[in-house]
Amino acid sequence: MSNIIIVTGAAGFIGFHLCKKLLENGTNVIGIDNINDYYDINLKEKRLDILNKFPLKNNMWEFFKIDLENKNALLKVFEKYNPKTVVNLAAQAGVRYSLKNPSAYIYSNIVGFSNILEACKINEVKNLLYASSSSVYGGNTKVPFSESDSVNHPVSLYAATKLSNELMAHSYSHLFGLSCTGLRFFTVYGPWGRPDMAPMIFTKAILSNQPIKIFNNGDMSRSFTYIDDIIEMTYKLINKPATPDYKFNRNNPNPSTSWNNHRIFNLGNENSIKLLDFIQLLEDELQIESFKQFENMQPGDVQNTASNCSSLNEWIGFTDYTPLKKGVKYFIKWYKDFYK
Ligand SMILES: NC(=O)c1ccc[n+]([C@@H]2O[C@H](COP(=O)([O-])OP(=O)(O)OC[C@H]3O[C@@H](n4cnc5c(N)ncnc54)[C@H](O)[C@@H]3O)[C@@H](O)[C@H]2O)c1
């Protein structure tokens, strides 16, 4: 069967939504995930239930519970299905947990990603997209962050592994002609979101009258980006594989493009919002005032993130970001339905 896409991290937040979108559009999708217990497995299984029961047209959905560290198992799936496109979203996510369990990041994000690159090389995959993160901008204070900025100062091991993925992908693009697109996601939120991230943590606390911990005394801002926007951008990027940048100047290299077919893009809402304003949006939607507990900055955290989207817009023409008020409304509706 031709036109097969492998999506890793398929039981995860972004992977689930991407698989759904691909299936809706008649693509044959192979999902891979190790369904680890970094957060509630029940949520991952419920996402998978939806994919397993998806009303297919003439297309195909198969799921494999595989750890990216298991190279042989990965190779078997790649060999059997011969995908032309691979989207690697599986990773150990989360900045704060990387201070507690650094090995998990090395195994999944470095060893695991190296196995993905090898599987792509051996099976002559044409197009690899892989999740990077806005956290690669690390200690930079010039906002909005542009892909042409230097990203040599990560402030967490998580960020360092994501930056390593960008470098590893570039080397495979150079050596083996693998077309690679790095997706620097900025704080994604929405239905089926991650329980370890602020929107879910805050909502849960507000609804149960528990205090919400606000770090850096609230002096933070984020490019909160609605999941449907992330999926639309990723979908467009799947359909426009990276090509060499013919204007690339090795005397003055732009870190986000190359003479090889490797590109890196920010995928983030153009409008960054102050954390306290975001909490206000949640409170308005829930019609409950939160009880705030102000704390110092957490090690590994970044104070502000803001996405410069001009390069992405030029490449795929995406400008239609979901307004935060609307996104928060959809998110809260899902949260109340799901957690009753
Ligand atoms: N959600 C965000 O705001 C955000 C921001 C920046 C970057 N990212 C990146 O985007 C990707 C997807 O994020 P998400 O929010 O969907 O996270 P997620 O944790 O919900 O999804 C990741 C999935 O990968 C799986 N996984 C982890 N390690 C694995 C391994 N070794 N082998 C197989 N499967 C494994 C997990 O079980 C999980 O289901 C990740 O790479 C993450 O680092 C996400």
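Presented here is an overview of the structure given in this document.

The rules we used
- Residues numbered from 1 in each chain as written.
- Predicted model: local features only at pLDDT ≥ 70, side-chain atom pairs only at ≥ 80, totals over all residues.
- Heavy atoms only, no water.
- Near = heavy atom within 4 Å.
- Polar contact = N/O pair within 3.5 Å; in protein donor to acceptor, adjacent residues only side chain to side chain.
- Areas by Shrake-Rupley, 256 points an atom, 1.4 Å probe, with all protein chains shown as cover.
- Helix = DSSP H or I, 4+ residues; strand = E, 2+ residues; numbered from the N terminus.
- Nonpolar A, V, L, I, M, F, W, Y, C, P; charged D, E, K, R; others polar.
- 1 Å grid on protein atoms, 1.4 Å probe; cavity = no way out; pocket = protein on both sides within 12 Å on 5 of 7 lines; lining within 4 Å.
- Points joined across faces, edges and corners; volume = space filled by probe spheres on them.
- Patch = residues over 30% accessible without salt bridge, like charges linked within 9 Å, V, L, I, M, F, W, Y side chains within 5 Å.
- Salt bridge = Lys/Arg side-chain N within 4 Å of Asp/Glu carboxyl O.
- Buried < 20%, exposed > 50% of the residue type's maximum accessible area, 1.4 Å probe, protein only.
- Disulfide = S-S within 2.5 Å.
- Axes fitted to C-alpha atoms, helices over the stretch in contact; angles between N-to-C directions.
- Parallel < 35°, antiparallel > 145°, perpendicular 65-115°, else oblique.
- Contact = heavy atoms within 4.5 Å.
- Pairing = 2+ DSSP bridges.
- Expected span 1.5 Å × (residues − 1).
- Arc of directions from axis to C-beta.

## Observations concerning the site of the ligand
Near the ligand there are 29 residues, and of these Asp33, Tyr39, Tyr158, Lys162 and Val188 occur at the shortest range. A distance of 2.8 Å separates a nitrogen atom of the ligand from a polar atom in the backbone of Leu68. Val188 places a main-chain nitrogen or oxygen 2.7 Å from an oxygen atom of the ligand. Starting from 810 Å² of accessible surface for the ligand in isolation, the protein chains cover 98%. Taken together, the elements giving at least two residues each to the shell around the ligand come down to helix H1 (13-24), strand E5 (127-133) and helix H6 (157-176). Classifying every residue of the shell around the ligand by side-chain character gives 16 nonpolar, eight polar and five charged.

## Brief notes about empty space enclosed by the protein
Rolling a probe over the atoms, with the probe sized like a water molecule, indicates the empty space that remains. Scanning the model with the defined rule gives two cavities of 30 Å³ or more in all. Taken as a whole, the largest cavity holds about 40 Å³ of empty space. In terms of lining residues, the largest cavity is bounded by Phe13, Val188, Tyr189, Gly190, Gly193, Arg194, Met197, Pro199, Met200 and Phe331. Breaking the lining of the largest cavity down by element, the ones donating at least two residues are strand E7 (188-189) and helix H7 (198-207). Per-class residue counts for the lining of the largest cavity are seven nonpolar, two polar and one charged. Taken as a whole, the second largest cavity spans an internal volume of roughly 30 Å³. At the level of secondary structure, the elements contributing two or more residues to the lining of the second largest cavity comprise helix H5 (102-122) and H6. Per-element accounting of the lining of the second largest cavity gives the leading share, three residues, to H5. Looking at the lining of the second largest cavity residue by residue, the class counts come to five nonpolar, four polar and one charged.

## A short note on a nonpolar patch on the surface
A contiguous nonpolar patch, built from Ile106, Tyr107, Val111 and Leu157 and spanning about 300 Å² of accessible area, is present on the exposed surface. Ranked by the residues each element gives to the nonpolar patch, the list is headed by H5, at three residues. With respect to the helices, strands and loops of the structure, Ile106 is situated in helix H5. In this structure Ile106 comes out as partly exposed when scored by relative accessible area, which is 36%.

## A word on the state of the cysteines
Two cysteines joined by a covalent bond between their sulfur atoms form a disulfide. As enumerated under the stated definition, the model contains zero disulfides in all. Here Cys19 stays unpaired: no disulfide links it, and the sulfur of Cys120, its closest cysteine neighbor, is 16 Å away. Among the cysteines around Cys180, which has no disulfide bond, Cys120 carries the closest sulfur, lying 7.4 Å off.

## Observations regarding the packing of H1 against helix H2 (residues 41-52)
The contact between H1 and H2 brings their axes to 10 Å, and the two run at 10 degrees. If you check the angle between H1 and H2, you find them roughly parallel. Contacts between H1 and H2 involve Phe13, Phe16, Cys19, Lys20 and Leu23 from the first element and Arg47, Ile50 and Leu51 from the second.

## Comments concerning the sheet that holds strand E2 (residues 28-33)
Here seven strands make up an open sheet; going across it, the order is E3-E2-E1-E4-E5-E6-E11 and the pairing parallel. Edge positions in the sheet fall to strand E3 (61-65) and strand E11 (262-267), since each has one partner strand and no second. Direction aside, neighbouring strands of the sheet carry axes that sit 15 degrees apart on average. Taken together, the six bridges between strand E6 (residues 179-185) and E11 define a ladder with parallel strand orientation. Opposite Gly182, over in E11, you have Ile264 as the bridge partner. Those strands touched by H1 are strand E1 (4-8), E2, E3, strand E4 (85-88) and E6, and its axis lies near 165 degrees from that of E1.

## A few points about H2
Between its first and last C-alpha, H2 extends 16 Å over 12 residues, near the 16 Å set by a 1.5 Å rise per residue. Buried residues of H2: Leu43, Lys44, Arg47, Leu48 and Leu51, and no others. Along H2, the residues classed as buried sweep out an arc of 135 degrees about the axis, all on the same side. Check the buried side of H2 and you find it contacts H1, E3, H7 and helix H11 (324-339). Two or three places before Asn42, at the start of H2, stands the capping residue Asp40, its side-chain oxygen 3.0 Å from that residue's backbone nitrogen.

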